[in-house]
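Below, each chain spelled out in residue letters.
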Amino acid sequence: MAELPGQIRHIGGRMSQLLEQIYGFSRRSLFRVISMGPIPCHIAFIMDGNRRYAKKCGLEDGSGHKAGFSALMSMLQYCYELGIKYVTIYAFSIDNFRRKPEEVESVMDLMLEKIKSLLEKESIVHQYGIRVYFIGNLALLNDQVRAAAEKVMKATAKNSRVVLLICIAYNSTDEIVQAVKKSCINKSDNIEASNYKHEDSDSDIEGTDMENQEKKIQLVDIEENMQMSVAPNPDILIRSSGETRLSNFLLWQTGNTQLCSPAALWPEIGLRHLLWAILNFQRNHSYLEKRKKQL
């Protein structure tokens, strides 16, 4: 009889493993059905509600973000099993630096821990062959977090199956401003280079018009210098916690993106929320494609 508790634990462990296998098989079967329709190439997430989740559950500060990271890992797995090539997450806004110093420090410590974990052999990065980009003003991060982010980007640079873009120390207006600055610098350098080749006496009106055109900042110049230019514009943007604001996230890229705002707080986000967003995308796909062709 003394071995009974151990036997119960063994049976419980086998039962848990069996249920997980059944769930995995059911999920993959469901994904095959969903894949009969158009699958989005790029999904973006605003992970809202971590602090409210901690308060709601009576957890200590920081626990909500840890629970949110677990939800993120599950969501990434679902996306990549569905064949979604690009996933972008809004991890930390430039505006978040205005929060209490101890809260910012706590989040940075958690980010450092999780960024380092991406390089572990059993991590989702190695499991799915993910290339990781950190998008944002990385100079605002502390030295340790910035160095860890750069190490992950370098280590995953040869991966090509799927792409994870982590927006950290980011907001859209900063991205646009930096893109305009880079465009102006590049345009100025090109003009200086062309001046060395310019023949003063033989220029005609047509040549002058072309030169003037080359001096102007074009839409394509800005788009090429956006940090998010490494990925196509998102097909779907999901913001948890029922909020319908973009909060200065991907303003340039979401003009024809389908928005979804489930009421669940981010740590509560689940497979059903993702599938609902994809089903709505499939229902509106033809309309969205027509809108893109009109641009």
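Each remark here, short or long, concerns the structure printed above.
Residues numbered from 1 in each chain as written. Predicted model: local features only at pLDDT ≥ 70, side-chain atom pairs only at ≥ 80, totals over all residues. Heavy atoms only, no water.

Student: Honestly, the overall build of the chain in this entry has me stumped. Any pointers?
Tutor: Counting its regular elements, the chain contains 11 helices and 6 strands. The 295 residues of the chain split such that 42% are buried. For the chain, long-range pairs separated by at least 24 residues make up 79% of all intrachain contacts whose partners lie at least 6 apart in sequence. Taken as a whole, the chain presents about 17400 Å² of accessible surface, with 53% of it coming from carbon and sulfur. (Helix = DSSP H or I, 4+ residues; strand = E, 2+ residues; numbered from the N terminus. Buried < 20%, exposed > 50% of the residue type's maximum accessible area, 1.4 Å probe, protein only. Contact = heavy atoms within 4.5 Å. Areas by Shrake-Rupley, 256 points an atom, 1.4 Å probe, with all protein chains shown as cover.)

Student: Is there a simple way to think about the packing of aromatic side chains in this case?
Tutor: The relative placement of two aromatic rings is captured by the distance of their centres and the angle of their planes. Taken as a whole, this structure holds 6 aromatic pairs when the rule is applied. Here the aromatic rings of Phe 45 and Trp 266 are separated by 5.7 Å at their centres, their planes lie at 65 degrees, and the arrangement is edge-to-face. In this pair, Phe 45 is assigned in strand E1 (residues 42-46) and Trp 266 in the loop between strand E6 (258-260) and helix H10 (271-283), connecting sequence segments 221 residues apart. Residue classification places Trp 266 among the buried positions, given a relative accessible area of 0%. Through a chain of ring-to-ring contacts, the aromatic side chains of Tyr 90, Tyr 170 and Phe 249 assemble into a single cluster. (Phe/Tyr/Trp six-rings, centres within 6.5 Å; stacked < 30°, edge-to-face > 60°.)

Student: What's the story with the packing of helix H3 (residues 63-81) against helix H4 (residues 101-117) in this structure? I'm lost.
Tutor: Helix packing geometry: the angle between the two helix axes and the distance between the axes. It is at 10 Å that the axes of H3 and H4 come closest, and there the two elements cross at 25 degrees. Between H3 and H4, the angle falls in the class roughly parallel. At the point where H3 passes H4, the crossing takes the right-handed sense. Residue-level contacts link His 65, Lys 66 and Phe 69 of H3 to Val 107, Leu 110, Lys 114 and Ser 117 of H4. (Axes fitted to C-alpha atoms, helices over the stretch in contact; angles between N-to-C directions. Parallel < 35°, antiparallel > 145°, perpendicular 65-115°, else oblique. Left-handed = near helix turned anticlockwise from the far one by under 90°.)

Student: For this particular structure, what's the right way to read the sheet that holds E6?
Tutor: The pairing of strands in a sheet comes from backbone hydrogen bonds and takes either a parallel or an antiparallel form. Across the sheet, which stays open at both edges, the 6 strands sit in the order E3-E4-E2-E1-E5-E6 with parallel pairing between neighbours. Strands at the two margins of the open sheet, each flanked by one partner only, are strand E3 (130-135) and E6. Put simply, the sheet's adjacent strands are angled 20 degrees from each other on average, direction ignored. Bridge count for strand E2 (residues 86-93) against strand E4 (residues 162-170) is 7 bridges, and the pairing is parallel. (Pairing = 2+ DSSP bridges.)

Student: I would appreciate a short explanation of the nonpolar core in the present structure.
Tutor: One broad trend across soluble globular proteins is that nonpolar side chains are buried collectively. Judged by nonpolar contacts, the single largest core of 54 residues is most densely connected at Phe 45, Tyr 80, Val 87, Ile 130, Phe 134 and Leu 274. No other element matches H3, which puts 8 residues into this core. Every residue in contact with Phe 45, bar those within four places of it in the chain, is listed here: Met 75, Cys 79, Val 87, Thr 88, Ile 89, Tyr 90, Ile 238, Phe 249, Trp 266 and Leu 274. Among the nonpolar cores identified, the runner-up in size contains 15 residues, and Tyr 90, Met 228, Ala 231 and Phe 249 belong to it. (Core = buried A, V, L, I, M, F, W, Y, C linked by side-chain atoms within 4.5 Å.)

Student: Please clarify how a nonpolar patch on the surface should be interpreted in this entry.
Tutor: A surface patch of nonpolar side chains, amounting to about 270 Å² of accessible area, comprises Leu 18, Leu 19 and Ile 22. Note on placement: Leu 18 falls in helix H1 (residues 4-34). (Patch = residues over 30% accessible without salt bridge, like charges linked within 9 Å, V, L, I, M, F, W, Y side chains within 5 Å. Salt bridge = Lys/Arg side-chain N within 4 Å of Asp/Glu carboxyl O.)

Student: Just checking my understanding: could you explain the pairing of E4 for this structure?
Tutor: In summary, the side chains of a regular strand alternate between the two faces of the sheet. With 9 of 9 residues buried, E4 lies mostly within the body of the structure. Sheet topology places E3 next to E4; 6 bridges connect them, and they run parallel. Looking across to E4, one finds that Arg 131 is bridged to Val 163.

Student: Honestly, a negative patch on the surface in this entry has me stumped. Any pointers?
Tutor: Together, Glu 60, Asp 61, Glu 102, Glu 105 and Asp 109 make up a negatively charged patch on the protein surface. Of note, Asp 61 is situated in the loop between helix H2 (50-56) and H3. (Lys, Arg positive; Asp, Glu negative; His and termini not counted. Charge placed at Lys NZ, Arg CZ, Asp CG, Glu CD.)

Student: I would appreciate a short explanation of helix H6 (residues 143-155) in the present structure.
Tutor: When the terminal C-alpha atoms of H6 are compared, their 18 Å separation across 13 residues agrees well with the 18 Å that a helix rising 1.5 Å per residue should span. Of the positions making up H6, those classed as buried are Val 145, Ala 148, Ala 149 and Val 152. Along the axis of H6, the buried positions cluster into a sector of 100 degrees, meaning they face one direction only. Across H6 from its buried face, at more than 90 degrees, point the exposed residues Asp 143, Lys 151 and Lys 154. (Expected span 1.5 Å × (residues − 1). Arc of directions from axis to C-beta.)

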